[in-house]
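Summary of the model geometry
Now for the letters of each chain:
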Amino acid sequence: MTSSRAVPSLTTAQRVVIKIGSALVVDDKTAAPRTGWLASVAADIQRLRGRGTEVIVVSSGAIALARRSLKLTHKKLKLEEKQAAAAVGQIRLAQAWAETLSARGMTAAQLLLTLDDTEDRRRYLNARETLTTLLGLGCIPVINENDTVATSEIRFGDNDRLAARVAEMVRADQLILLSDIDGLYTADPRRDPDARHIPVVGCLTPDIEAMGGEPPPGYSSGGMRTKLVAARIATQAGCAMAIAIGKVEQPLLVLEQGARCTWFLPSPEGRSRRKQWIAGSLSPQGTLTVDAGAARALANGSSLLPVGVRAVEGQFTRGDAVTILGPGGAVLGRGLSAYASADAERIVGRRSAEIEAILGWRGRDEMIHRDDLVLV
């Protein structure tokens with residue numbers, strides 16, 4: 001259950017995703033935002049940003065914020081009632097975060113995503129680029145599941161899984177799940193006095209996964225089971241994950257100061273798995289032939305810029321896999337193109353600063369970003 005590998009620390013995080021459940025955001029007595037607690041989290045985020053850490057928040061709470069005002073107080077809501085409550089509550093949730101972060105001089109940005117947005121390659125790239133741009137502009141993206149357009153019952157733990165998918169998407173080095181429990185136990189500590197806390201999980205074994213229990217009562221739809229699913233997603237992407245107590249003031253500072261939690265260590269090969277997927281699981285839709293200078297730059301770990309491309313062949317769309325050929329025709333690698341073939345042909349050999357004037361809109365500076373590129 002434990003590992004000899006170094007235990008992560010929030011103090012070293014460069015990019016962190018923080019997931020916050022409904023039970024933390026919403027007061028269960030008043031069905032209103034817990035403004036004092038949210039302000040303490042904003043203070044944590046401000047401190048992280050002050051030392052250069054980029055922060056993304058995945059926040060539940062939309063449905064919980066609207067149930068009482070819509071008189072939807074019965075325990076189990078119908079799908080259409082959940083969708084209606086989400087439509088009303090999402091405005092309140094976004095407002096709560098915008099006001100809370102603004103009070104600390106930070107700008108909130110709202111994104112509503114579904115799990116499908118992280119699975120479809122084109123939508124994945126769109127979401128990733130939006131998030132990357134927002135982080136570069138100093139914003140705090142606040143993400144929630146787009147429950148208003150759900151086509152099936154909103155499942156337990158979607159935001160746990162969504163947070164892990166977001167962490168994978170933006171290549172975060174840490175995912176923090178703030179919870180009503182301080183980590184993983186060998187059994188439910190509310191029912192078993194002999195349950196032992198597990199501080200570090202080096203590998204998600206079947207025994208570890210069997211420790212997931214039923215979702216807790218109340219507004220929260222998560223539970224340890226879905227947190228373990230999130231841990232598998234995150235750690236396989238090379239991202240460390242922590243389950244930490246949330247119902248304290250400044251929970252991230254408390255975590256930094258050594259509060260008890262459970263860290264799930266990233267898979268040692270996690271960072272390469274996505275590139276293995278690019279290299280072996282996708283069928284290339286076209287080719288990009290590059291010049292000698294671009295070939296050398298790629299070998300040194302750089303992205304592929306339009307100025308280094310000499311020819312485009314095939315019909316492909318943005319996000320499709322393409323083969324990269326050297327000046328002599330040798331296969332150099334494979335990657336996901338940031339431009340459709342028609343647009344790629346128009347910017348071949350041109351500098352990135354010219355893209356907007358040529359296409360009429362400004363896309364990525366890179367034809368293929370190095371994170372989306374695998375050399376042979």
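These figures come from a predicted structure and were not determined experimentally. Numbering of residues starts from 1 in every chain and runs along the sequence as written. Selection of residues for local features in this predicted model requires a pLDDT of at least 70, selection of side-chain atom pairs for listing and counting requires 80 or more, and totals for whole chains, interfaces and linings are taken over all residues. The basis for the side-chain values is all heavy atoms of the structure; hydrogens and waters are excluded.

Every other side chain in a regular strand lies on the same face of the sheet, so the side chains alternate between the two faces. Within strand 1 (residues 15–20), six of the six residues are buried, which leaves the element mostly enclosed by the surrounding structure. Summary of the burial criterion: residues with accessible area below 20% of their type's maximum are buried, those above 50% are exposed, and those between are partly exposed, where the area comes from a 1.4 Å probe applied to protein chains only. By the criteria applied, helices consist of DSSP H or I runs no shorter than four residues and strands consist of E runs no shorter than two, each listed in order from the N terminus. In strand 1, alternate side chains face the same way, and those of Arg15, Val17 and Lys19 on one face and Val16, Ile18 and Ile20 on the other are all buried. Following DSSP output, two strands are said to pair if at least two bridges run between them. Inspection of the sheet shows strand 1 paired to strand 2 (residues 54–59) by six bridges, in the parallel sense. In the sheet register, Val16 faces strand 2, and the bridge partner there is Val55.

Burial within strand 11 (residues 286–290) is extensive, with five of its five residues counted as buried. Side chains of strand 11 alternate between two faces, with Gly286, Leu288 and Val290 and Thr287 and Thr289 buried alike. Where strand 11 and strand 12 (residues 309–314) come together, five bridges link them in antiparallel fashion. When the sheet's bridge partners are listed, Val290 is paired in strand 12 with Val309. Looking at chain direction, strand 11 and strand 13 (residues 321–325) are connected through three bridges and run parallel. Within the sheet, the bridge partner assigned to Thr287 lies in strand 13 and is Thr323.

Inspection of the secondary structure puts Gln90 in helix 4 (residues 79–102). By relative accessible area, which is 10% here, Gln90 ends up buried. Any two residues whose heavy atoms approach within 4.5 Å at even a single point are treated as in contact. In this structure, Gln90 is in contact with Ala62, Gln110, Leu112 and Asn144, ignoring residues within four places of it in sequence.

Here the focus is the environment of Ile347. Relative to the helices and strands, Ile347 is located in helix 13 (residues 341–347). Ile347 sits in the buried class, given a relative accessible area of 0%. Spatially, the C-alpha atoms of Ile347 and Asn126 are 20 Å apart, while their sequence positions differ by 221 residues. Filtering out sequence-adjacent residues up to four positions away, Ile347 remains in contact with Pro306, Tyr339, Ile355, Ile358, Leu359 and Met367.

A helix is expected to reach a length of 1.5 Å times the quantity of its residues less one. With 13 residues, helix 9 (residues 224–236) ought to run about 18 Å at 1.5 Å a step, and its terminal C-alpha atoms sit 18 Å apart, in line with that. Within helix 9, the full set of buried residues consists of Met224, Thr226, Lys227, Leu228, Ala230, Ala231, Ile233, Ala234 and Thr235. Immediately downstream of helix 9, the backbone of Gly238 shows phi near 85 degrees, a positive value.

A few words on the sheet that holds strand 9 (residues 240–245). Here we have eight strands laid out as an open sheet, ordered 3-4-2-1-5-9-10-8, and mixed in their pairing. The open sheet is flanked by strand 3 (108–113) and strand 8 (200–201), the only strands paired with a single partner. Bridge count for strand 2 against strand 4 (residues 140–145) is two bridges, and the pairing is parallel. Residue pairing in the sheet places Val58 in a bridge with Ile143 of strand 4. Here an angle of 0 to 180 degrees is reported between the N-to-C directions of two axes, which are lines fitted to C-alpha atoms, with helices fitted over the stretch in contact. Sheet strands in contact with helix 6 (residues 121–136) are strand 1, strand 2, strand 3 and strand 4, and its direction is about 170 degrees off that of strand 3. Sitting on the sheet, helix 9 touches strand 5 (174–179), strand 9 and strand 10 (261–264), and the angle it makes with strand 9 is about 150 degrees.

Right, let's talk about the nonpolar core for a bit. In terms of nonpolar packing, the biggest core is built from 41 residues, with Val17, Ile143, Leu175, Leu184, Met241 and Phe264 touching the most fellow members. Contributing elements (two or more residues each) for this core: strand 2, strand 3, helix 6, helix 7 (158–169), strand 5, helix 9 and strand 9. Not counting residues up to four positions away in its chain, the partners in contact with Leu175 are Val17, Ala163, Ala164, Ala167, Ala234, Cys239, Ala240, Met241 and Ala242. Core analysis: the second largest hydrophobic core is formed by 35 residues, Leu38, Leu48, Ile140 and Trp263 among them. For our purposes a nonpolar core is just a set of buried Ala, Val, Leu, Ile, Met, Phe, Trp, Tyr and Cys residues, chained together by side-chain atoms within 4.5 Å.

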